[in-house]
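Read off the chains here:
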Amino acid sequence: MTHQRISQLARDDENFPPVQQIGRSKVVDWVMARPYFIAHAKKAALRDSRRRPKSEESGNE
């Protein structure tokens, strides 16, 4: 993930974990960011069947 995307998420999403600035780049602690990205991946999977885990697809067919 680019530092530009981190900056964008930190600016636009109030639920994004805190960021630190190193030089001109913004960084985020992965331990804090992982739950955020997992939650977003689950929301994306609901919108796109190609992203759903195989176990969820077989139960919906």
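Residues numbered from 1 in each chain as written. Predicted model: local features only at pLDDT ≥ 70, side-chain atom pairs only at ≥ 80, totals over all residues. Heavy atoms only, no water.

Colleague: I'm lost on the overall build of the protein in this one. Help?
Modeller: Across its full length, the protein holds 3 helices and 2 strands. Shown N-terminal to C-terminal, the secondary structure of the protein runs as helices and strands in the order α-β-β-α-α. In the protein, which comprises 61 residues, the share counted as buried stands at 18%. In the protein, 10% of the contacts between residues at least 6 apart in sequence involve partners at least 24 apart. Carbon and sulfur atoms form 50% of the exposed surface of the protein, whose accessible area is close to 5200 Å². (Helix = DSSP H or I, 4+ residues; strand = E, 2+ residues; numbered from the N terminus. Buried < 20%, exposed > 50% of the residue type's maximum accessible area, 1.4 Å probe, protein only. Contact = heavy atoms within 4.5 Å. Areas by Shrake-Rupley, 256 points an atom, 1.4 Å probe, with all protein chains shown as cover.)

Colleague: For this particular structure, what's the right way to read the confidence of the model for the protein?
Modeller: Interpretation of this model should avoid reading the predicted coordinates in detail wherever pLDDT is low. Overall, the prediction assigns the protein a mean pLDDT of 82, with 79% of residues at 70 or greater. Per-element confidence in the protein is highest for strand 1 (residues 19-22), whose mean pLDDT is 91, and lowest for helix 3 (residues 54-60), whose mean pLDDT is 57. (pLDDT = per-residue confidence, 0-100.)

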